Amino acid sequence: MIKLENIHKYYDSQHVLKGIDFSVNKGEVVSILGPSGSGKSTLLRCINFLEQPTRGIIEISDKRVDAESASKADITALRNSTAMVFQQYNLFKNFTVLQNVMIGLTSVKKIHKVEAKKISMEILERVGLTNRLNHYPSQLSGGQQQRVGIARALALKPEVLLFDEPTSSLDPELVDEVLTTIKRVANEGNTMLVVTHELNFAREISDRVIFMEDGMIIEEGTPEQLFNRPKAERTKQFLRKAI
Ligand code: ADP
Ligand code: MG
């Protein structure tokens, strides 16, 4: 479903991604762990060209894009195959919950309002927000706002869902409701890449876990392999500190 080949990213002279290669199969849930500053967010953002990768090839389904010769149409195609859930929710403050979910459908996917509303209501029901349709983001808890963020991503029916530390901005007591929602999404057969600091959660939902440090993949494996029998010394250190 996704294939990355030798992705490099520089910010000016800073080499932030140093040749990333990996693939994600259809329906697979892959978590990315690693210390702060290791390039996890940059990697997710390079997949949909929120950041322009400096070099490398990104493949999603049948779309294969070389970063150095990507056309506008290529970038649009990659963007339309993905949807991202951000740490800071990134909701429109002046839009209601329902409008926040509908807007991607009406503006990006050009779906008629009536149909967009129907799809959005169904998805908001799945994330447990039917009783908040006409609320504004400021009237919601952080956990509810993030569930709107998840609903907005799901509504687009992307080939790949990208989560960038979806619970890091939340007060501890609100983390569980969001993790539960993401678990449900994972169990529905969606293809997902999830950057998270929640190790137990990563262990539970992932088919595969990737450990990144300093712009490189240090190690990857099943949760069982990576958490119970890490090979690399740096993975062991990270897990020891994180526990
Ligand atoms: P992580 O998500 O693993 O914490 P990031 O991908 O955010 O790591 O950052 C990796 C490195 O790239 C860091 O050194 C960070 O300071 C740098 N960086 C990230 N975004 C930018 C940017 N927009 N401009 C310049 N440097 C950036
Ligand atoms: Mg980050």
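The structure we're discussing is the one just above.
A quick note: this is a predicted structure, and the numbers were derived from the prediction, not measured. (Residues numbered from 1 in each chain as written. Chains lettered and ligands numbered in written order. Predicted model: local features only at pLDDT ≥ 70, side-chain atom pairs only at ≥ 80, totals over all residues. Heavy atoms only, no water.)

**Focus: the sheet that holds strand β6 (residues 82-85)**
- The six strands lie next to each other as β6-β7-β8-β3-β9-β10, forming an open sheet whose pairing is mixed. The outermost strands of the open sheet, each flanked by one partner alone, are β6 and β10 (216-221). Mean inter-strand twist for the sheet, computed between neighbouring axes without regard to direction, equals 20°.
- Sheet topology places strand β7 (residues 160-164) next to strand β8 (residues 192-195); four bridges connect them, and they run parallel. Note that in β8 the partner of L162 across the bridge is L193.
- Packed on one face of the sheet, helix α1 (residues 40-47) meets β3 (29-33), β6, β7, β8 and β9 (208-213) and runs near 155° to β7.
- Running over the sheet, helix α5 (residues 142-155) touches β6 and β7 and is turned about 180° from β6. (Pairing = 2+ DSSP bridges. Helix = DSSP H or I, 4+ residues; strand = E, 2+ residues; numbered from the N terminus. Axes fitted to C-alpha atoms, helices over the stretch in contact; angles between N-to-C directions. Contact = heavy atoms within 4.5 Å.)

**Quick word on the packing of aromatic side chains**
- Taken as a whole and judged by the stated rule, the model has two aromatic pairs.
- Centre to centre, the rings of F211 and F238 are 5.0 Å apart; their planes meet at 45°, and the pair counts as tilted. Of this pair, F211 sits in strand β9 while F238 sits in helix α9 (residues 233-242), and the two are 27 residues apart along the sequence.
- F238 gets classed as buried once you look at its relative accessible area, which sits at 16%. (Phe/Tyr/Trp six-rings, centres within 6.5 Å; stacked < 30°, edge-to-face > 60°. Buried < 20%, exposed > 50% of the residue type's maximum accessible area, 1.4 Å probe, protein only.)

**Concerning the environment of M192**
- Tracing the sequence through the fold places M192 in strand β8.
- The exposure class of M192 is buried, given its relative accessible area of 0%.
- Sequence-distant contacts of M192, that is, excluding residues within four places in its chain, are made with E28, V29, V30, L161, F163, I182, V185 and A186.

**Considering the pattern of salt bridges**
- Counted under the stated rule, the structure contains 16 salt bridges.
- For R126, the salt bridge identified is with E188, shortest N-O distance 2.8 Å. Separated by 62 residues along the polypeptide, R126 in helix α4 (residues 113-126) and E188 in the loop between α6 (172-187) and β8 bring together distant segments of the chain.
- Residue E188 is classed as partly exposed on the basis of its relative accessible area, which comes to 40%.
- What you see here is one network of salt bridges that share partners, running through K3, E5, E59 and R64. (Salt bridge = Lys/Arg side-chain N within 4 Å of Asp/Glu carboxyl O.)

**Examining the sheet that holds strand β4 (residues 55-60)**
- Here four strands make up an open sheet; going across it, the order is β2-β1-β4-β5 and the pairing antiparallel. Two strands close off the open sheet at either side, each with one partner strand: β2 (14-24) and β5 (63-66). Taking the axes of each pair of neighbouring strands and ignoring which way they run, one obtains an average angle of 15° across the sheet.
- Bridge analysis of strand β1 (residues 2-11) against β2 gives eight bridges, and the strand direction is antiparallel. Looking at the pairing, I7 lines up with I20 of β2.
- In the packing of α1 onto the sheet, the strands contacted are β1, β2 and β4, and the crossing angle to β2 comes to about 60°.

**Quick look at the packing of α5 against α6**
- Remark: α5 packs on α6, axes separated minimally by 8 Å, with the N-to-C direction vectors making an angle of 15°. Taken together, the axes of α5 and α6 lie roughly parallel to each other. Both α5 and α6 take part in a crossing whose hand is right-handed. Residues G142, G143, Q144, Q146, R147, I150 and L154 of α5 pack against L174, E177, V178, T181, I182 and V185 of α6.
- In terms of residue class, the contact of α5 with α6 is built from six nonpolar, five polar and two charged. (Parallel < 35°, antiparallel > 145°, perpendicular 65-115°, else oblique. Left-handed = near helix turned anticlockwise from the far one by under 90°. Nonpolar A, V, L, I, M, F, W, Y, C, P; charged D, E, K, R; others polar.)

**Observations concerning α5**
- Along its 14 residues, α5 runs 20 Å from first to last C-alpha, staying within 8% of the 20 Å computed at 1.5 Å per residue.
- The positive-phi residue at the C-terminal boundary of α5 is K157, with phi of around 45°. (Expected span 1.5 Å × (residues − 1).)

**Considering the nonpolar core**
- In this structure, L124, I150, L161, F163 and M192 are the most contacted members of the largest nonpolar core, which totals 39 residues.
- When contributions to this core are tallied by element, the ones reaching two or more residues are β6, α3 (97-108), α4, α5, β7, α6, β8 and α7 (199-205).
- Excluding residues that lie within four positions of it along the chain, L161 makes contacts with A83, A153, L154, V185, N190, T191, M192 and L193.
- Counting 28 residues, the second largest nonpolar core, distinct from the first, contains I2, I7, I32 and F86. (Core = buried A, V, L, I, M, F, W, Y, C linked by side-chain atoms within 4.5 Å.)

**A few points about the site of ligand 1**
- Surrounding ligand 1, one finds Y11, Q14, V16, P35, S36, G37, S38, G39, K40, S41 and T42.
- One of the backbone N or O atoms of G39 is found 3.0 Å from an oxygen atom in ligand 1.
- Listed by contribution, the elements that provide at least two residues to the shell around ligand 1 are β2 and α1.
- Here the shell around ligand 1 is composed, by residue class, of three nonpolar, seven polar and one charged. (Near = heavy atom within 4 Å. Polar contact = N/O pair within 3.5 Å; in protein donor to acceptor, adjacent residues only side chain to side chain.)

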